[in-house]
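Inside the fold
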Amino acid sequence: MRGDDEEKGPNRTCVATRSVLPIEALIRFALDAEGRLTPDIRGKLPGRGVWVTGSHAALAEAIRKKSFTRSLKQPVMVAADLPDQVDHLLTADARQSLAMANKAGVVITGFTKVEAAINKGGVQALVSANDGGEDGRRKIVQAVKRNHAGEAAIPVFSLFASHELDLALGRENAIHAALLAGSACDAFVKRCRRLEMFRHGPLNEYGPDAEDMSASIGPFVLEDRKA
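Residues numbered from 1 in each chain as written. Predicted model: local features only at pLDDT ≥ 70, side-chain atom pairs only at ≥ 80, totals over all residues. Heavy atoms only, no water.

**Observations regarding the side chain of threonine 91**
Using the following cut-off: Numbering of helices and strands runs from the N terminus, with a helix taken as a DSSP run of H or I at least four residues long and a strand as a DSSP run of E at least two residues long. Per-residue accessibility, obtained with a 1.4 Å probe over protein chains only, is compared with the maximum for each type, and a residue is labelled buried under 20%, exposed over 50%, and partly exposed between these values. Here, two residues are considered to be in contact whenever any of their heavy atoms come within 4.5 Å of each other.
With respect to the helices, strands and loops of the structure, threonine 91 is situated in helix α3 (residues 82-103). Here threonine 91 falls in the buried class, since its relative accessible area comes to 5%. Leaving out residues up to four positions away in the same chain, threonine 91 has contacts with Phe160, Glu164, Leu195 and Arg199.

**Topic: the packing of aromatic side chains**
The geometry of two aromatic rings is summed up by the distance between their centres and the angle between their planes. Our working rule: Pairing of aromatic rings covers Phe, Tyr and the six-membered ring of Trp, with a centre-to-centre limit of 6.5 Å; geometry is then stacked below 30 degrees between planes, edge-to-face above 60, and tilted otherwise.
Tallying each qualifying case throughout the model produces 3 aromatic pairs. Centre to centre, the rings of phenylalanine 157 and phenylalanine 188 are 6.0 Å apart; their planes meet at 85 degrees, and the pair counts as edge-to-face. With phenylalanine 157 in strand β9 (residues 156-157) and phenylalanine 188 in helix α7 (residues 183-200), the pair connects residues that are 31 residues apart, well separated along the chain. One aromatic cluster is present, built from ring pairs that chain together Phe157, Phe160 and Phe188.

**Let's talk about α7**
Three or four residues apart is the spacing at which side chains of an α-helix point the same way, because the helix has 3.6 residues per turn. Going by this rule: Take the number of residues in a helix, subtract one, and multiply by 1.5 Å to get its expected span.
Its 18 residues place the ends of α7 25 Å apart at the C-alpha level, agreeing with the 26 Å of an ideal helix rising 1.5 Å per residue. When α7 is considered as a whole, its buried residues turn out to be Ala184, Cys185, Phe188, Val189, Cys192, Leu195 and Phe198. Lining the buried residues of α7 we find β3 (26-31), α1 (56-64), α3, β8 (123-128), β9 and β10 (176-180).

**Topic: the sheet that holds strand β5 (residues 49-53)**
For clarity, the threshold we go by: By definition, two strands form a pair when at least two bridges between them are found by DSSP. Where helices are involved, their axes are fitted lines through C-alpha atoms of the stretch in contact, as for all axes, and angles between N-to-C directions lie from 0 to 180°.
An order of β4-β3-β5 is seen for the 3 strands of this open sheet, with the pairing classed as antiparallel. Only two strands of the sheet have a single neighbouring strand rather than two, namely β4 (37-40) and β5. The mean angle between the axes of side-by-side strands here comes to 35 degrees, regardless of whether they run parallel or antiparallel. As judged from the 5 bridges shared by β3 and β5, these two strands associate in the antiparallel manner. By the bridge assignment, leucine 26 is partnered in β5 with threonine 53. Helix-sheet contacts for α3 involve β3 and β4, and the interaxial angle to β4 is about 25 degrees.

Next comes the structure, spelled out in structure tokens:
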């Protein structure tokens, strides 16, 4: 069987489920020089790689089934915290995208200003700190419903803690933010959707054994070539 990197076209095969999906719905993993499996969320690392459906459950299933060794046809070292590594990288990627949108001038911060922007129109995405007050988030959602009933839903992302928003936006006590239409907003939404899928995808889609393997394996697992 040919490696997934040899396939042509915009689709790749998930080594866990064997589903053929667009590369946007998958995460690539590559081997470093020492044979360690490395997440390649941008799909740009050199060398042979394998693709896994972009969810925690699919990655856990690939680890359980030793899919990386089978696909790459050589022993592979898999870090015990590989799912956490992917989550960290996807989070950092989304946060960096938010920072770039802020530099582009399409981010509005502060509850009052965000609510006013929703009332005025033009908001394409909203961000609410996951450790912020529930009352503020509820009011933001109500403002969206009140002003945009019948329109395409405006996504509200609660993927970041307030200190993460502080870092991305260069200000303190960032709880709510709104993004205006534009390519910077589109890029941010795309990255947030990817992070949401990884964290909150259908965890039971891959069977009862699709679980977090990091609790049961050591610092590295050298997958058996014949397993």
